[in-house]
Amino acid sequence: SQKIEQNSEALNIQEGKTATLTCNYTNYSPAYLQWYRQDPGRGPVFLLLIRENEKEKRKERLKVTFDTTLKQSLFHITASQPADSATYLCALDWMDSSYKLIFGSGTRLLVRP
Amino acid sequence: EPEVTQTPSHQVTQMGQEVILRCVPISNHLYFYWYRQILGQKVEFLVSFYNNEISEKSEIFDDQFSVERPDGSNFTLKIRSTKLEDSAMYFCASSESTDGYTFGSGTRLTVV
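Here we summarise the structure given alongside this text. (Residues numbered from 1 in each chain as written. Chains lettered and ligands numbered in written order. Predicted model: local features only at pLDDT ≥ 70, side-chain atom pairs only at ≥ 80, totals over all residues. Heavy atoms only, no water.)

## Points about the interface of chain A and chain B
Argument step 1. Each side of the interface is counted separately: chain A has 21 residues, and chain B has 22 residues.
Argument step 2. Considering only the surface of chain A that becomes buried against chain B, Tyr 99, Lys 100 and Phe 103 of chain A emerge as the three largest contributors, covering 35% of it.
Argument step 3. At the level of elements, β4 (32-38), β5 (45-51) and β10 (97-103) of chain A are the ones that each hand at least two residues to the side of chain A that touches chain B.
Argument step 4. It is β10 of chain A that contributes the most residues to the side of chain A that touches chain B, 7 residues altogether.
Argument step 5. Here the residues of the side of chain A that touches chain B sort into 10 nonpolar, 8 polar and 3 charged. (Contact = heavy atoms within 4.5 Å. Buried area = accessible area lost by both parts, 1.4 Å probe. Helix = DSSP H or I, 4+ residues; strand = E, 2+ residues; numbered from the N terminus. Nonpolar A, V, L, I, M, F, W, Y, C, P; charged D, E, K, R; others polar.)

## Things to note about the state of the cysteines
Argument step 1. Per the stated rule, a full pass over the model turns up 2 disulfides over all chains.
Argument step 2. Through a disulfide, Cys 23 of chain A is tied to Cys 90 of chain A; the S-S separation comes to 1.9 Å. Looking down the S-S bond of the Cys 23 of chain A and Cys 90 of chain A bridge, the torsion is -45°, so its handedness is left-handed. Taken together, the positions of Cys 23 of chain A in strand β3 (residues 19-26) and Cys 90 of chain A in strand β9 (residues 86-94) put the pair 67 residues apart, joining distant regions of the chain. One exposure class covers both Cys 23 of chain A and Cys 90 of chain A, and it is buried.
Argument step 3. Cys 23 of chain B shares a disulfide with Cys 92 of chain B; S-S distance 1.9 Å. Residues Cys 23 of chain B and Cys 92 of chain B are joined through a disulfide that is left-handed, its torsion about the S-S bond being -65°. (Disulfide = S-S within 2.5 Å. Buried < 20%, exposed > 50% of the residue type's maximum accessible area, 1.4 Å probe, protein only.)

## A look at the pairing of strand β9 (residues 88-95) of chain B
All names here are of chain B.
Argument step 1. The buried count for β9 comes to 8 of 8 residues, which makes it a mostly enclosed element.
Argument step 2. Here β9 shows two buried faces, one formed by Ala 88, Tyr 90, Cys 92 and Ser 94 and the other by Met 89, Phe 91, Ala 93 and Ser 95.
Argument step 3. Taken together, the 7 bridges between strand β4 (residues 31-37) and β9 define a ladder with antiparallel strand orientation. Pairing of Arg 36 across the sheet is with Tyr 90, part of β9.
Argument step 4. Relative to strand β11 (residues 107-111), β9 runs antiparallel, the two being bridged by 3 bridges. Note on β11: the bridge partner recorded for Tyr 90 is Thr 107.
Argument step 5. Of the pairings in the sheet, the one linking β9 to strand β10 (residues 102-103) comprises 2 bridges and is antiparallel in character. Bridge pairing links Ser 94 to Thr 102 in β10.
Argument step 6. Connecting β9 to the next strand, β10, in antiparallel fashion are 6 residues, including Gly 100 with a positive phi near 55°. (Pairing = 2+ DSSP bridges.)

So yeah, pure geometry; function would need other evidence.
Below, the structure written as structure tokens:
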């Protein structure tokens, strides 16, 4: 069955460094992949979408890569700030359905001042 | 910036009671969704809604659940007979296309 895997261990980094989060998936080829940020007790906030025919997408300090051969997406935050501390969720469209976005369990990022 | 609005923010209900969770999606959005998140767990898909009908639903979305768009602005999730395991944060989301969902702040449902 299809599976989305994100590192369950928190990523703890120093302010100013680049944070890199990983999303792996198996048994499936999604048409697109999305990244969201979630703060405690709040709904996810959309950050970036990357399609299967795109290798890389950027938005301000954020960069996403998508390797369909490795079945992996990397999410980078450059010049990280304490305000970037949150849980980051990877989400994929499910099978051939454009109407069903499935989320990974997320990776918590802690940026130390 | 346009927002998805959910009410109430917190609902406590007795087991076996019916609850209705309400959502006002962004006005020009065409796709509507309900997700839930049990404390400490992942965000789980419940149902998607497009063109006034259900497009997809998960195994969680059984006969106890229903969705409605009673007018041009509201989108509701009804749970007919709540169970303890229905306690969770319920998120409504909407999107203009199938890209980039906008989520509401959620309704915390506590079943006692």
